[in-house]
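Overview (structure and organization)
Read off the chains here:
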Amino acid sequence: MTDLVTGADGLSRCAWGASTPDYAVYHDREWGRPLRGDDALYERLTLEAFQSGLSWLTILRKRQAFRLAFDGFRIDAVARYGEADVARLMADAGIVRNRAKIEAAVANARAALDLPDGLSALLWSYAPAPRAARPRSFAEVPATTPESTAMAKALKKRGFRFVGPTTAYALMQATGMVDDHLADCHVSGDRAGV
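Let me begin by describing the structure that accompanies this report. (Residues numbered from 1 in each chain as written. Predicted model: local features only at pLDDT ≥ 70, side-chain atom pairs only at ≥ 80, totals over all residues. Heavy atoms only, no water.)

So, the layout of surface pockets
Estimates place the volume of the largest pocket at around 430 Å³. Considering the residues around the largest pocket, the lining is formed by 18 residues, among which W31, E48, W56, A170 and Q173 are closest to the centre. Looking at the lining of the largest pocket element by element, the count peaks at 6 residues for helix α9 (residues 165-174). Residues of the lining of the largest pocket, tallied by class, amount to 12 nonpolar, 5 polar and 1 charged. (1 Å grid on protein atoms, 1.4 Å probe; cavity = no way out; pocket = protein on both sides within 12 Å on 5 of 7 lines; lining within 4 Å. Points joined across faces, edges and corners; volume = space filled by probe spheres on them. Helix = DSSP H or I, 4+ residues; strand = E, 2+ residues; numbered from the N terminus. Nonpolar A, V, L, I, M, F, W, Y, C, P; charged D, E, K, R; others polar.)

This is the structure in structure tokens:
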């Protein structure tokens, strides 16, 4: 498989984004687009943590069930979860039932509530300056960066869990803090207003 493919629609996209219809929609409409807002970024941080060790496609296909199970990823709601909620989530076949990840999601909501300037401000403070050009191949895309390592360290210091440098970099990619669409991908690389 090459890193860039042209789909039946005539559009060039990053190869992973053309591998399934679910990925194509996610690639074209969400991945790499700047995302702000505490609850929106909490959702992505939580889903990236649940993805650890699994396929992103698994998480993507369960996202609606996750949203229902976690009260729309409203930080204030999840922060109030107790043991009964953890038990409810462990019994929910629509999501990934991993106690450590569920407990981390609750702990992370509580930690997010304690951030004086909010989660969005903290996460975006680690976004690097836009690179001069998009990568030509995925061989040029790192798994971690100094910024993602610093983000993960800052989150852990504030009580967040399941937020290592690789997860932090995946979050940065998904939320437009970095633009890792390939050079000839049809998706706009515009980070205007960021």
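Back to the write-up after that little detour.
Some thoughts on the pattern of salt bridges
Close approach of charged atoms allows side chains of opposite charge to pair. The final tally for this structure, using the stated rule, is 12 salt bridges. Notably, a salt bridge pairs D28 with R13, separated by 2.6 Å at the nearest N-O pair. Here R13 lies in strand β2 (residues 12-14) and D28 lies in helix α1 (residues 21-29), a separation of 15 residues in the sequence. With relative accessibility at 16%, the residue D28 sits in the buried group. (Salt bridge = Lys/Arg side-chain N within 4 Å of Asp/Glu carboxyl O. Buried < 20%, exposed > 50% of the residue type's maximum accessible area, 1.4 Å probe, protein only.)

Here we look at the packing of helix α8 (residues 146-157) against α9
Where α8 meets α9, the axes come as close as 8 Å, and the angle between the chain directions of the two elements is 110°. As summarised for this structure, α8 and α9 are arranged roughly perpendicular, according to the angle between their axes. Seen along the crossing, α8 lies across α9 with a hand that is right-handed. Contacts between α8 and α9 pair E147, S148, T149, M151 and A152 from the former with P165, A168, Y169, L171 and M172 from the latter. Of the residues that constitute the contact of α8 with α9, the class distribution is 7 nonpolar, 2 polar and 1 charged. (Axes fitted to C-alpha atoms, helices over the stretch in contact; angles between N-to-C directions. Parallel < 35°, antiparallel > 145°, perpendicular 65-115°, else oblique. Left-handed = near helix turned anticlockwise from the far one by under 90°. Contact = heavy atoms within 4.5 Å.)

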